[in-house]
Amino acid sequence: MSVVYERVALIGLGLIASSMFWAIKRSGLANEVTGFARSAETRQTARRIGLCDRVCETAKEAVEDADLVVLCVPIGAMEAIAKDISSVLKQGITVSDVGSVKRAVIDAVTPSIPNNVHFIPAHPLAGTEHSGPESGFASLFDNRWCLLVPPEDADQGAIDKLSAFWQGMGSNVDQMDADHHDLVLAVTSHAPHLIAYTMVGVADDLRRVTDNEVIKYSAAGFRDFTRIAASDPTMWRDVFLTNKEATLEILGRFTEELFALQRAIRQSDGDHLYDYFTRTRSIRRGIVEAGQDTDQPDFGRSANADRDGK
Ligand code: NAP
């Protein structure tokens, strides 16, 4: 691959930004990558492990000469960062982000984007339950989707360039409208996370009764919930606070289906349960056929445990 942007600035140096840095370096997509994180501790760690060519003391300093600025902070922090860097952005550059919710980020960041700067929001559907500057790895985005959510009047050249950049980091790229993105992610990611948090919370209550059997026998299915429920509390708090409507809609439907299954169990309606589980099994097959997971037993744990889409 060749250079797509001369200089890239990564604001926030956690799981996603560090994975981006290693993926950029793997494919030579930029000549210089600068970085900034809120705490001195994270900046120090970044310098120690060689994360970014230059770690800066302020966000402004990091973005000063950048051709692409990517906001990689929790959703709730995007607005303040955008306001802070707004006055030093070069003309004609692109600002993007990696936030897991798109409408709220667009509303928060757009007012701070100068007229001569392109804002092309994005969301890589890849992540793990780990966070921080040391959790990233170059292959995180390989064969995972990255959704670009450009505004209607966005510059096509800027979209194409950002698309080439994400493809260079290993992603498949698609475009989507912000509200549709938030609904799709409520189904595929946000509601499942809330359900996992709930299930682990319930089991934690139960554990007090059954000693440590829940943990001991967790491989029977519970273990997979615990991995999802170990995800970063700040990130997920922000996801639910900013994608309220879509998440609540999906959870409403979930509750209805749960009641229907509860009734089927109570009434010993085996046909209902069998038909339902047959339908869900075919969804799993579709995911494997689309290359988004392997067909290995135990949910492909060894190959894919660290790369589930979020
Ligand atoms: P992370 O590992 O927790 O890292 C977050 C980074 O943002 C840290 O460097 C942190 O700095 C910095 N930060 C936090 N609050 C800040 C503030 N108020 N001002 C400035 N910097 C601040 O997070 P992540 O998993 O990379 O997630 C980053 C973004 O990617 C989020 O918007 C999330 O929605 C999105 N995303 C995450 C995943 C996933 O699975 N994790 C997947 C796709 C997209 P300190 O270390 O100094 O606190």
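These numbers come from a predicted model, not from an experiment.

Analysis parameters
- Residues numbered from 1 in each chain as written.
- Predicted model: local features only at pLDDT ≥ 70, side-chain atom pairs only at ≥ 80, totals over all residues.
- Heavy atoms only, no water.
- Core = buried A, V, L, I, M, F, W, Y, C linked by side-chain atoms within 4.5 Å.
- Buried < 20%, exposed > 50% of the residue type's maximum accessible area, 1.4 Å probe, protein only.
- Contact = heavy atoms within 4.5 Å.
- 1 Å grid on protein atoms, 1.4 Å probe; cavity = no way out; pocket = protein on both sides within 12 Å on 5 of 7 lines; lining within 4 Å.
- Points joined across faces, edges and corners; volume = space filled by probe spheres on them.
- Helix = DSSP H or I, 4+ residues; strand = E, 2+ residues; numbered from the N terminus.
- Nonpolar A, V, L, I, M, F, W, Y, C, P; charged D, E, K, R; others polar.
- Domains from an automatic or database assignment.
- Disulfide = S-S within 2.5 Å.
- Pairing = 2+ DSSP bridges.
- Axes fitted to C-alpha atoms, helices over the stretch in contact; angles between N-to-C directions.
- Right-handed = clockwise from strand over helix to strand, strands pointing away.
- Near = heavy atom within 4 Å.
- Polar contact = N/O pair within 3.5 Å; in protein donor to acceptor, adjacent residues only side chain to side chain.
- Sits in = over half its atoms within 2 Å of the grid points.

Residue-level account of the nonpolar core, with values.
One broad trend across soluble globular proteins is that nonpolar side chains are buried collectively. By size, the foremost hydrophobic cluster in this structure holds 38 residues, and its most contacted members are L10, M20, F165 and W166. Here W166 is in contact with M20, V98, A122, P124, F141, C146, L148, S171 and V173, once residues within four sequence places are set aside. Counting 31 residues, the second-largest nonpolar core is a separate cluster that includes I81, I85, I93 and V117.

Explain the layout of surface pockets residue by residue, including any values.
Taken as a whole, the second largest pocket encloses approximately 890 Å³ of empty space. Breaking the lining of the second largest pocket down by element, the ones donating at least two residues are α1 (15-27), α4 (78-85), β7 (122-124) and α10 (233-242). Here the residues of the lining of the second largest pocket sort into 19 nonpolar, 15 polar and five charged. Domain assignment of the residues forming the lining of the second largest pocket places at least three in each of domain 1 (5-176) and domain 2 (180-267).

Just give me the short version of the state of the cysteines, but keep the residues and values in it.
Applying the stated rule across the entire model yields zero disulfides. Cysteine C146 is unpaired, with the sulfur of C72 as its nearest cysteine sulfur at 11 Å.

Explain the sheet that holds strand β9 (residues 172-175) to me, using residue names and the numbers behind them.
Pairing is mixed across the open sheet formed by three strands, whose spatial order is β7-β8-β9. The sheet terminates laterally at β7 and β9, the two strands that pair on one side only. When strand polarity is set aside, the average angle formed by the axes of neighbouring strands in this sheet is 20 degrees. The pairing of β7 with strand β8 (residues 145-148) spans three bridges and is antiparallel. Across the sheet, P124 pairs through a bridge with C146, a residue of β8. Packing against the sheet, helix α6 (residues 156-168) makes contact with β7, β8 and β9, and its axis sits at approximately 165 degrees to β8.

So what's going on with the pairing of strand β2 (residues 30-36)? Which residues, and what values?
Across the seven residues of β2, six count as buried, placing the element largely inside the fold. Both strand β1 (residues 5-11) and β2 contribute to a ladder of six bridges, which runs parallel. Its bridge partner lying in β2, Y5 is registered against A30. Following the chain from β1 across α1 to the adjacent parallel β2, one finds a crossover that is right-handed. Pairing geometry for β2 and strand β3 (residues 54-55), over two bridges, is parallel. By the bridge assignment for β3, G35 is matched with V55.

I'd like a description of the site of the ligand, backed by residues and values.
Looking at the ligand, there are 28 residues lining it, with L13, S39, T42, V73 and S100 nearest. Measuring from an oxygen atom of the ligand, one finds a backbone N or O atom of L15 at 2.8 Å. In the model, an oxygen atom of the ligand is placed 2.8 Å from a nitrogen or oxygen of the R38 side chain. Given that more than half its atoms are within 2 Å of the pocket grid, the ligand belongs to the second largest pocket. Elements supplying a minimum of two residues to the shell around the ligand: α1, α4 and β7. Considered class by class, the residues forming the shell around the ligand number 15 nonpolar, 11 polar and two charged.

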